[in-house]
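# Coordinate inspection notes
The chain contents come next:
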Amino acid sequence: MEKYNPAEIEIKWQKIWEERKVFKAKDFNNSKPKFYQLEMFPYPSGRIHMGHVRNYSIGDAIARYKMAKGYNVLHPMGFDAFGLPAENAAINNNTHPAKWTYSNIDYMVKELKRLGFSYDWDRLVATCDSDYYKWEQKVFIEMFEKGMVYRSKSTVNYCPSCKTVLANEQVEDGKCWRCGSEVIQKDMDEWFLKITDYADQLLDDMKLIEDGWPERVLIQQRNWIGKSKGAFVKFKVKGKDDYLEVFTTRPDTLFGVTFISIAPNHPKLAELASEEYKDKLEAFVKEFNKSGRDFSKEKEGVFTGVYLINPVNGKEVPLYAANFVLMDYGTGVVMAVPGHDQRDFEFAKKYNLPIKKVIHTDGLSDNVDEWIEAYAESGVLVNSEQFSGMDNEKAKWEIVKWLEVKGLARIGYQYRLRDWNVSRQRYWGAPIPVIYCPNCGIVPEKIENLPVKLPEDVEITGEGGSPLAKVENFVNTKCPICGADAKRETDTFDTFIESSWYFLRYCSPKYDKDIFDKDKVKYWMNVDQYVGGIEHAVMHLLYARYFTKVLRDLGYVDSTEPFQRLLTQGMVIKDGAKMSKSKGNVVDPDDIINQYGADTARLFILFAAPPEKDLEWSDDGVEGAYRFLNRLWRLIYSYKDLRSGDVDISTDRLRDLNYHINYTIKRVTDDFEAYHFNTTIAACMEFVNYLYDFNPKNKDEQKLYAKALEVLLKLLNPIVPHIAEELWSLMGHNTLLVEEKWPEYDEKSTIKDTTVIAITVNGKLRDTIEFPRGSGESEVFEKAIESPRVKRHLDGKDIVKKIFVKDKLLNIVVK
RNA sequence: GCCGGGGUGGCGGAAUUGGUAGACGCAAGGGACUUAAAAUCCCUUGGAGCUAUGCUCCGUGUGGGUUCGAUUCCCACCCUCGGCACCA
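Only a predicted model underlies this, so the values are computations on that prediction, with no experimental measurement involved.

A sheet is described by the order of its strands in space; here 4 strands give the open sequence S2-S1-S26-S27, paired in parallel fashion. In the strand order of this sheet, the two ends are held by strand S2 (72-74) and strand S27 (566-569), each with one partner. Within this sheet the neighbouring strands show an average axis-to-axis angle of 20 degrees, counted without direction. Bridge count for strand S1 (residues 34-39) against strand S26 (residues 529-533) is 3 bridges, and the pairing is parallel. Across the sheet, residue glutamine 37 finds its bridge partner in S26, namely glutamine 529.

Quick look at the structure:
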């Protein structure tokens, strides 16, 4: 018998699939429904890792299943090709980022091809191609013209090691997400996309996708957007015709305000502060600017010499500059209620400021000196004049209503979400297409001049600002409006921009008249199934949702939400930790493919755990997967000359075989629909075990047996396509298995005509007895009490009642 | 601190709407084949106990509850893994 030789057959079939273009997605096929299967594209770091293998094996199983189910499938792949590692490689190895990136792409494409994934390679996209990024430059200019972007000096997170600005999402525990260095605060001119204008849409449109997305991803995004309802309240400045506005979610505690806190970098602070406190204040602000927001730091502040008037009772309260007040949330001014807010409580204790109780609950002392912490929960108002006695939830809006009439308050909302800073002081990214003219100011590049290409001759040292600033013939240009000598913007886009629309580009990847062919996008969008890592729950997935809405509002797409369904796969773990070079627990997919073949790698990865869960790598498990494929090979090889045909199901053996065929199709189909690949595979393994036992003896049995083998190959095809295709052809087929239809099952044949009924006494299993399907209670009961195993638990006891579940269970309750 | 997952054999994991817990695989043990080994095939395998070829009890993180019956539903708690973290 010929041996299973994965190395040989995998290359063979990959070639045939490619030659016959079986994975080419056909734009506009009216005879089939479309299915857009997408996996998160990789960064071309050099090699595919196990996380990719998992991600793409899941996606491929879905894509191939949908093909068999009769869908016109779009299954593309590309590379998220801009980013920092290319520059680091340039510094370390003295290679150009472009060269490094493209050679990595070449290698990784080979690796992906070796895994046999069903991509339409004609649609390959690399985001560092100017044919790609020119379109986001165009979109940016249109956003600029519509006021959807702005330039602003702001305090930003800056990584001194990467020498670049980071988005909030790119800061983890105060450290750079990429290199782990301590992030510092810096004021810079940056470009922002007004994602906050879309905050409500991003929240509301979740209802369009909530059926297809994991709940926890939506919850994470909801928390990230962080919408809170509250009130803006005006506090008049004593002795001046001016006021400060605060945002609060607790207007019910307004009578408990004993001071006001203001951010040290608030623009009005210097102007307001009284002369005698200015020196101390300036010193404090200086110190604050140096250290920035230090989360671990104790709450500190200084008095400004200013008093404000509390609008609810006219009382004067002091204004303090405080280091814990954020300038970019709310108004940068906070009303302090030390009795009912822990931060204010700590601050008041430190600076001996009064604490006032305005919310009461059972057991809460009236003597605030006894308090060791603020009471921040709900309760009933006290010491609040006409509102005393009112439930605090109700009082919140009653007090606002009352102040609103006097023009001193209004209901409002605040978001935790900040605008998206897209400026990066890096070389390897898409240039921001803007020109600074001494006469005309900030001017976008003309659309017809796009792309603003990245210059190739650049010296990358990794030190100091943007490398583009040193490229004279890039920086120096003419103003598109007045023609005067002007300077180009030297920052490049955050690479999250590229990944916010690549799935649209796949629909018409070579289209050169615009960002994409609208009709094709209309045909293919939305993505029916998106598969990727949970680590992108917020950043990438939120940006992509936002960008799609922007493109919709610019008239490019009809979609409001790009991804109809989302599957977030778990990490690949080894020895209890995520695979990483630093931990030395990396398993290289190339090694596994060399040793066992792609099918084994795919089978193991899909079998070892359900997709959403973390997957523990196991060398023994891989061995087991390989063993199964050999077992499959031997089974089919030894019966490869049998031919299937119509059979009259006339004997018990034929009936049983037929039942197993149909039952297995049903199980596998149902589990595929639910993406439970691990149980899909288990069902196939059980089927194989059954078929090993069967031994077809006559013509009819052989015909039906051959059918069983064909069904088995069709069921396994989405998971282990190479071996399945080879065995299919060994069975004498000259069609391609990949083009075969998914097998259908006959519902009636998935049910046996007998069933095993559990006999329990007081809920405890005592026996299992086989009955014809549909047997009645009395019939089952009569048989059951004959069983000695049941009988012995009934003896000497009264039968109180019987619970009968048809075809399943009889519970006899005794006393 | 807040939000959200998750706790099932030695291990990865199965178990429709509450109805036979542990499918499938791994590991382990035993046997067959072989001069031998590998490969393969077959059997056993949650724990404890006993008057052992069968039977009893216990068992899905812990303690309660609802129910004829709970891995599944309810309450309280413990552990663990993610996310957010001075957001007023």
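Scanning all chains against the criterion turns up 47 salt bridges. Put simply, aspartate 514 and lysine 138 hold a salt bridge, and the shortest N to O gap is 2.8 Å. Within this pair, whereas aspartate 514 is found in the loop between helix H14 (502-505) and helix H15 (518-524), its partner lysine 138 is found in helix H5 (residues 130-145), the two being separated by 376 residues in sequence. Of the two residues, aspartate 514 and lysine 138, both sit in the buried class. Of the charged contacts in the structure, one is a salt bridge between aspartate 641 and lysine 640, with a shortest N-O distance of 3.7 Å. Classification of lysine 640 as buried rests on a relative accessible area of 19%. Each of Asp27, Asp120, Arg123 and Lys520 takes part in one network of salt bridges that share partners.

Next up on the list: the sheet that holds strand S30 (residues 615-616). Within the open sheet, the 3 strands sit side by side as S29-S28-S30. Their pairing is mixed. Of all strands in the sheet, those with a lone pairing partner are strand S29 (577-578) and S30, marking the two edges. Where strand S28 (residues 572-574) meets S29, 2 bridges bridge the pair, whose relative direction is antiparallel. Among the inter-strand pairings, isoleucine 573 is bridged to a residue of S29, identified as lysine 578.

Moving on: the packing of aromatic side chains. Within this structure, the stated rule accounts for 53 aromatic pairs. Here the aromatic rings of tyrosine 502 and tyrosine 506 are separated by 5.5 Å at their centres, their planes lie at 75 degrees, and the arrangement is edge-to-face. In this structure, tyrosine 502 and tyrosine 506 share a single accessibility class: buried. With a centroid separation of 4.9 Å and 75 degrees between ring planes, the pair formed by phenylalanine 604 and tryptophan 617 is classed as edge-to-face. In this pair, phenylalanine 604 is assigned in helix H18 (residues 598-607) and tryptophan 617 in the loop between S30 and helix H19 (619-638), connecting sequence segments 13 residues apart. Just as phenylalanine 604 is buried, tryptophan 617 falls in that class too. Counting every residue linked through ring pairs, the aromatic cluster contains Phe259, Tyr277, Phe303, Tyr307, Tyr320, Phe324, Phe347 and Tyr351. Positioned above the aromatic ring of phenylalanine 474, the side-chain terminus of arginine 488 is 5.7 Å from the ring centre.

Two packed helices can be described by the angle between their axes and the distance between those axes. At a minimum axis distance of 9 Å, the contact between helix H22 (residues 699-716) and helix H23 (residues 721-730) shows a crossing angle of 155 degrees. On the basis of their axis angle, the class for H22 and H23 is roughly antiparallel. In this structure, H22 meets H23 at a crossing whose hand is left-handed. Residue-level inspection shows Glu710, Leu713 and Lys714 of H22 in contact with H23, the latter providing Ala724, Leu727 and Trp728. Residues belonging to the contact of H22 with H23 are distributed by class as follows: 4 nonpolar, no polar and 2 charged.

Moving on to the domain arrangement of chain A. It is common to give the size of an interface as the accessible area lost on bringing the parts into contact. Partitioning chain A into structural domains gives domain 1 (6-127 + 496-574), domain 2 (136-194 + 419-493), domain 3 (228-414), domain 4 (639-748) and domain 5 (754-814). Summarising the inter-unit geometry, the C-alpha centres of domain 1 and domain 2 are found 27 Å apart. Buried area between domain 1 and domain 2, summed over both chains or domains, comes out near 2,600 Å², and the portion from carbon and sulfur atoms is 69%. The interface formed by domain 1 and domain 2 includes 2 salt bridges. At the boundary of domain 1 with domain 2, the tally comes to 12 residue pairs in polar contact (both at pLDDT 80 or more).

The two faces of a sheet get side chains in turn, since along a regular strand they alternate between them. Pairing of strand S10 (residues 228-237) with strand S13 (residues 301-309), which is carried by 2 bridges, proceeds in the antiparallel orientation. When the bridges of S13 are listed, valine 237 appears paired with leucine 308. One ladder, built from 6 bridges, connects S13 with strand S14 (residues 316-322); its direction is antiparallel. For leucine 308, the partnering residue across the bridge sits in S14 and is valine 317. Two successive antiparallel strands, S13 and S14, enclose a turn made up of 6 residues, where glycine 314 displays a positive phi of approximately 70 degrees.

Turning to helix H21 (residues 677-694), a few remarks are in order. Compared with an ideal rise of 1.5 Å per residue, which puts 18 residues at 26 Å, H21 spans 26 Å between its outermost C-alpha atoms and is within 8% of the ideal. Among all positions in H21, only Phe677, Asn678, Thr680, Ile681, Ala683, Cys684, Met685, Phe687, Val688, Tyr690, Leu691 and Phe694 are buried. Tucked into the core, H21 has its buried residues touching helix H2 (50-68), H18, H19, helix H20 (652-673) and H22.

Within helix H17 (residues 589-596), burial applies to Pro589, Asp590, Ile592, Ile593 and Tyr596. Along the long axis of H17, the arc covered by the buried residues comes to 165 degrees, so they all point the same way. Exposed positions of H17 whose direction lies more than 90 degrees from the buried face are Asn594 and Gln595. Where H17 begins, the side chain of aspartate 588 points an oxygen toward the backbone nitrogen of aspartate 590, at a separation of 2.9 Å. Backbone geometry just after H17 places glycine 597 at a positive phi near 100 degrees.

Proline 451 follows leucine 450 through a cis peptide bond whose omega is 0 degrees. On the secondary structure map, proline 451 appears in the loop between strand S22 (441-444) and helix H13 (472-475). Asparagine 526 follows methionine 525 through a cis peptide bond whose omega is 5 degrees. Note on placement: asparagine 526 falls in the loop between H15 and S26. Unlike most non-glycine residues, phenylalanine 28 shows phi in positive territory, near 60 degrees. Mapping phenylalanine 28 onto the fold places it in the loop between helix H1 (6-19) and S1. Residue classification places phenylalanine 28 among the partly exposed residues on the basis of a relative accessible area of 42%. Although it is not a glycine, asparagine 94 adopts a positive phi angle of roughly 55 degrees. Residue asparagine 94 is classed as exposed on the basis of its relative accessible area of 70%.

Thresholds, definitions, all that
- Residues numbered from 1 in each chain as written.
- Chains lettered and ligands numbered in written order.
- Predicted model: local features only at pLDDT ≥ 70, side-chain atom pairs only at ≥ 80, totals over all residues.
- Heavy atoms only, no water.
- Pairing = 2+ DSSP bridges.
- Helix = DSSP H or I, 4+ residues; strand = E, 2+ residues; numbered from the N terminus.
- Axes fitted to C-alpha atoms, helices over the stretch in contact; angles between N-to-C directions.
- Salt bridge = Lys/Arg side-chain N within 4 Å of Asp/Glu carboxyl O.
- Buried < 20%, exposed > 50% of the residue type's maximum accessible area, 1.4 Å probe, protein only.
- Phe/Tyr/Trp six-rings, centres within 6.5 Å; stacked < 30°, edge-to-face > 60°.
- Lys NZ or Arg CZ within 6 Å of the ring centre and 35° of its normal.
- Parallel < 35°, antiparallel > 145°, perpendicular 65-115°, else oblique.
- Left-handed = near helix turned anticlockwise from the far one by under 90°.
- Contact = heavy atoms within 4.5 Å.
- Nonpolar A, V, L, I, M, F, W, Y, C, P; charged D, E, K, R; others polar.
- Domains from an automatic or database assignment.
- Buried area = accessible area lost by both parts, 1.4 Å probe.
- Polar contact = N/O pair within 3.5 Å; in protein donor to acceptor, adjacent residues only side chain to side chain.
- Expected span 1.5 Å × (residues − 1).
- Arc of directions from axis to C-beta.

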